[in-house]
Structures are given as structure tokens and as C-alpha cells.
There are 2 protein chains.
Amino acid sequence: MSANEPLTAVAARELLAVALEEARAGLAEGGIPIGAALFHRDGTLLGRGHNRRVQDDDASTHAETAAFRNAGRRRHYVDCVMVTTLSPCWYCSGLIRQFQIGTVVVGETENFVGGHDWVAAHGTEVIILDDPACTELLGRFIAGHPELWYEDIGL
Amino acid sequence: MSANEPLTAVAARELLAVALEEARAGLAEGGIPIGAALFHRDGTLLGRGHNRRVQDDDASTHAETAAFRNAGRRRHYVDCVMVTTLSPCWYCSGLIRQFQIGTVVVGETENFVGGHDWVAAHGTEVIILDDPACTELLGRFIAGHPELWYEDIGL
């Protein structure tokens with residue numbers, strides 16, 4: 001992808017595949033299946049990760065914060081793309097806003113709607129893919145483990 | 001402090017002392033001196049921590065997220081108080097909103113203003129203390145290490 005053009009849906013779907021791999025890895029570990037990855041706009045993978053509430057008893061590690069941490073320290077994020085299997089919660093939306101991440105690719109918004117409209121209003125390009133695999137993976141998990149899901153979003 | 005009454009300024013200053021200890025511990029490690037702690041409203045300390053960008057090369061560990069992580073998994077936060085030496089950035093404000101933390105005590109708002117008004121508008125009790133020790137500690141650090149400060153807030 002070019003550094004100067006909007007991300008195409010085709011390119012966004014390629015990035016989403018990495019986030020979905022992360023979500024499935026989380027599920028295989030017994031965790032909440034939400035995955036994310038941070039890319040440079042040139043396509044370089046900077047960091048990837050998944051929700052680790054169950055695995056590490058860590059309430060602070062959502063998929064997006066895991067990918068962000070695993071990308072290490074950076075001076076700027078305007079040239080970066082955060083791809084996540086689910087609409088980012090307010091915590092992760094705050095991360096996106098504070099660090100001015102240039103683009104966010106959202107796998108699905110059916111199981112949950114967080115702050116993707118809010119980050120868009122503050123200048124982040126937001127691409128929503130309505131990906132059935134993302135929706136089904138998390139939807140099935142929520143149906144089977146509602147207590148974990150509601151704990152993870154603080155409701 | 002009672003579970004049913006607003007936090008008094010005296011009680012808030014007692015909690016702030018713990019966050020300030022954390023900020024000073026971070027400075028002693030060569031890190032960015034911002035500290036936080038999460039308490040139950042009954043005064044029980046649940047978790048405390050400080051910014052660890054420099055120490056761990058971890059961009060995701062702000063003071064508030066460190067305190068939140070160190071408090072472990074909880075089902076609800078409405079009965080909790082997050083105390084932080086600095087106005088919470090959007091990332092940490094998003095954490096407060098998503099998990100509906102009941103009260104936030106802010107040490108100072110001179111060096112930085114994040115989302116404390118926003119979380120107040122969404123139902124969190126916000127107490128601003130204008131504490132000179134917090135302001136001086138971070139202000140001196142910013143003057144000496146502006147590159148670390150601007151990296152930490154993504155500007």
C-alpha cells in the first residue's frame with residue numbers, strides 16, 4: 001500500500017487476516033478471542049497480539065494494547081494502521097486518539113460498538129469490514145462465556 | 001472513607017501520596033515520573049504503578065494502566081478510586097470510561113490536560129488537587145527530557 005493513499009478494502013482484509021490469526025490463537029489458549037496488529041502503512045508488521053485477560057489474569061491487555069506494546073517504542077503513529085477484529089472499546093479508542101494512529105481497520109461491529117466513530121471524528125481513518133469470520137468467532141465465545149465477556153468490557 | 005459519600009479533599013490527598021511515591025520511584029529508575037494507584041472506596045489499596053516507557057521500552061504502560069493491571073481482575077470498578085499524579089491522557093481516560101471507575105483523583109493539570117472533563121461528563125467523580133509537588137516533579141522532568149515527554153504523549 002502507498003503511504004499517501006487511503007487504504008483499500010483489499011489491503012485492509014489482508015491486514016485483518018493477521019488480527020484474526022491472533023484472535024484464534026487467544027481462543028486456543030482459553031482466552032477471549034479478540035486479536036489485533038499494528039502495521040506501518042508500507043505493509044511492515046510492527047506488532048501483533050491478543051487479549052490476555054484469562055491467560056495472564058491481566059485486565060489491561062486488550063488486543064490493541066498488546067499489539068501496541070509489542071510494536072515497541074515509536075515516535076509517531078500517523079503512518080501506522082491498527083487492525084483489530086472488533087470495534088475498539090473506549091480504552092483502546094483512547095489509545096488510538098492519544099497516539100494519533102493514522103488508520104484503524106475494524107473487523108466487525110456486531111458484537112460490540114466502542115469508540116470507532118469518536119476516533120474518526122478526531123482524525124483517524126476508520127475502515128469497517130463487517131467480516132463474518134470475526135463476528136462468528138467472538139459471537140460464539142460470548143454465547144458460551146458471557147461472564148468473561150462482560151468482565152472484559154466492564155459491564 | 002465511606003462507600004456512599006463523595007471523597008473529601010483530605011482523603012484524596014492521602015491517596016495522592018501513594019501515587020506521588022510511585023512517580024518518584026519511576027524517576028529514580030530513570031523513567032518518566034508519573035504515578036498512580038487504584039483503591040477501593042473503603043481505602044484498601046488494590047494496585048499501584050508508574051509509567052514504564054523507559055524502564056521496559058513499553059509504550060503501553062502508563063501510570064494508570066500499570067495500577068489497573070496490578071490490581072488484577074475485578075468484576076466492577078464503580079466502587080474504586082483511581083488516583084494519578086497527572087490529568088489522565090486520552091488512553092487512560094478511555095480506560096476510566098470503559099471500566100466505569102467511580103472516582104478519579106488528579107494530582108495536577110498544569111503540565112498536561114487530558115480527558116478528565118470527558119470522564120466527568122460520563123459519570124466519573126473527578127477531584128483535582130492542584131498539588132505543587134506533582135507539578136514540580138513532572139515539570140522539571142519535561143524541561144530536562146522534552147523528547148521523552150512528547151514521545152510518551154504521542155505529540
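Summarised in this report is the structure supplied together with it. (Residues numbered from 1 in each chain as written. Chains lettered and ligands numbered in written order. Predicted model: local features only at pLDDT ≥ 70, side-chain atom pairs only at ≥ 80, totals over all residues. Heavy atoms only, no water.)

Things to note about the interface of chain B and chain A
Part 1 of the argument: Taken together, the contact pairs 35 residues of chain B with 35 residues of chain A.
Part 2 of the argument: Summing both partners gives a buried area of about 3,100 Å² for chain B against chain A, and 52% of it is carried by carbon and sulfur.
Part 3 of the argument: Its largest share of buried area at the contact with chain A, chain B owes to B:R73, B:Y91 and B:Q98, together 25% of the area lost on that side.
Part 4 of the argument: Taken together, the connections running from chain B to chain A amount to six salt bridges.
Part 5 of the argument: In this structure, A:E151 and B:R73 form a salt bridge, with 2.7 Å as the shortest nitrogen-oxygen distance.
Part 6 of the argument: Viewed at the interface, chain A and chain B are joined by 18 residue pairs in polar contact (both at pLDDT 80 or more).
Part 7 of the argument: Going through the elements one at a time, helix 2 (53-56), helix 3 (63-70), helix 4 (90-98) and helix 7 (146-152) of chain B are the ones with two or more residues in the side of chain B that touches chain A. (Contact = heavy atoms within 4.5 Å. Buried area = accessible area lost by both parts, 1.4 Å probe. Salt bridge = Lys/Arg side-chain N within 4 Å of Asp/Glu carboxyl O. Polar contact = N/O pair within 3.5 Å; in protein donor to acceptor, adjacent residues only side chain to side chain. Helix = DSSP H or I, 4+ residues; strand = E, 2+ residues; numbered from the N terminus.)

Let's talk about the pairing of strand 4 (residues 103-106) of chain B
Residue and element names in this part refer to chain B.
Part 1 of the argument: Side chains T103 and V105 of strand 4 all project onto a buried face; the interleaved residues V104 and V106 project onto the opposite face, where all are buried too.
Part 2 of the argument: Two strands pair when backbone bridges link them, and strand 3 (residues 80-84) and strand 4 are joined in this way by four bridges, in the parallel orientation. Each bridged residue has a counterpart across the sheet, and for T84 the counterpart in strand 4 is V106.
Part 3 of the argument: Each parallel crossover has a hand, and for strand 3 linked through helix 4 to strand 4 it is right-handed. (Buried < 20%, exposed > 50% of the residue type's maximum accessible area, 1.4 Å probe, protein only. Pairing = 2+ DSSP bridges. Right-handed = clockwise from strand over helix to strand, strands pointing away.)

What to know about the environment of B:E151
Part 1 of the argument: Tracing the chain through its elements places B:E151 in helix 7.
Part 2 of the argument: We classify B:E151 as buried; its relative accessible area is 10%.
Part 3 of the argument: Separated by 98 residues in sequence, B:E151 and B:R53 have C-alpha atoms that sit 9.4 Å apart.
Part 4 of the argument: With residues up to four places along the chain from it excluded, the contact list for B:E151 reads A:R73, A:R74, A:R75, A:F99 and B:R53.

Things to note about the relation of the copies chain B and chain A
Part 1 of the argument: Expressed as a screw operation, the relation of chain B to chain A combines 0.0 Å of axial shift with a rotation of 180°, fitting to an RMSD of 0.0 Å. On the angle and the small slide along the axis, the relation comes out as a two-fold axis. Ranked by how close their C-alpha atoms come to the rotation axis, the residues of chain B are headed by B:G94, at 2.4 Å.
Part 2 of the argument: Of all interface residues in chain B, 100% are interface residues in chain A too; the two copies therefore contact each other through one and the same surface. (Least-squares fit on C-alpha atoms with pLDDT ≥ 70 in both.)

Side note on the sheet that holds strand 4 (residues 103-106) of chain A
All names here are of chain A.
Part 1 of the argument: Read from one edge of the open sheet, five strands run 2-1-3-4-5, paired in mixed fashion. Both outer strands of the open sheet, strand 2 (45-50) and strand 5 (125-128), are each paired with one neighbouring strand and no more. Sheet twist, expressed as the average angle between the axes of neighbouring strands with direction ignored, equals 15°.
Part 2 of the argument: Contacts from helix 3 (residues 63-70) reach strand 1 (35-40), strand 2 and strand 3 (80-84), with the element oriented near 140° to strand 2. (Axes fitted to C-alpha atoms, helices over the stretch in contact; angles between N-to-C directions.)

Points about the pairing of strand 5 (residues 125-128) of chain B
Residue and element names in this part refer to chain B.
Part 1 of the argument: Direction of pairing for strand 4 relative to strand 5: parallel, over a ladder of four bridges. Its bridge partner being in strand 5, V105 is matched across the sheet by I127.
Part 2 of the argument: The β-α-β motif built from strand 4, the intervening helix 5 (residues 116-121) and the parallel element strand 5 has right-handed crossover chirality.

As for the state of the cysteines
Think of a disulfide as a covalent bridge from one cysteine sulfur atom to another cysteine sulfur atom.
Residue and element names in this part refer to chain B.
Part 1 of the argument: Counted by the stated rule, this structure contains zero disulfides over all chains.
Part 2 of the argument: Note on C92: no disulfide assigned, nearest cysteine sulfur contributed by C89 at a separation of 4.0 Å.
Part 3 of the argument: Using a relative accessible area of 0% as the deciding quantity, one classes C92 as buried.
Part 4 of the argument: For the unlinked cysteine C134, the closest cysteine sulfur is that of C92, found at 15 Å.
Part 5 of the argument: Take C134: its relative accessible area is 3%, and that puts it in the buried class. (Disulfide = S-S within 2.5 Å.)

Observations regarding the packing of helix 1 (residues 9-28) of chain B against helix 6 (residues 132-144) of chain B
All names here are of chain B.
Part 1 of the argument: One can describe the packing of helix 1 onto helix 6 by two numbers: an axis separation of 11 Å at closest approach and a directional angle of 20°. What the angle tells us is that helix 1 and helix 6 run roughly parallel. The element helix 1 and its partner helix 6 pack so that their crossing is left-handed. Two secondary-structure elements touch here, helix 1 through L16, L20, A23, R24 and L27 and helix 6 through A133, C134, L137 and F141.
Part 2 of the argument: Partitioned by chemical class, the residues of the contact of helix 1 with helix 6 number eight nonpolar, no polar and one charged. (Parallel < 35°, antiparallel > 145°, perpendicular 65-115°, else oblique. Left-handed = near helix turned anticlockwise from the far one by under 90°. Nonpolar A, V, L, I, M, F, W, Y, C, P; charged D, E, K, R; others polar.)

Remarks on the packing of aromatic side chains
Part 1 of the argument: Overall, the coordinates contain 16 aromatic pairs over all chains when judged by the stated rule.
Part 2 of the argument: Here the aromatic rings of A:F68 and A:F99 are separated by 4.9 Å at their centres, their planes lie at 45°, and the arrangement is tilted. With A:F68 in helix 3 and A:F99 in the loop between helix 4 (90-98) and strand 4, this pair connects stretches of sequence that are 31 residues apart. Accessibility assignment for this pair places A:F68 and A:F99 in one class, buried.
Part 3 of the argument: Lying across the ring of B:W90, A:R97 places its NZ or CZ 3.7 Å from the centre. (Phe/Tyr/Trp six-rings, centres within 6.5 Å; stacked < 30°, edge-to-face > 60°. Lys NZ or Arg CZ within 6 Å of the ring centre and 35° of its normal.)

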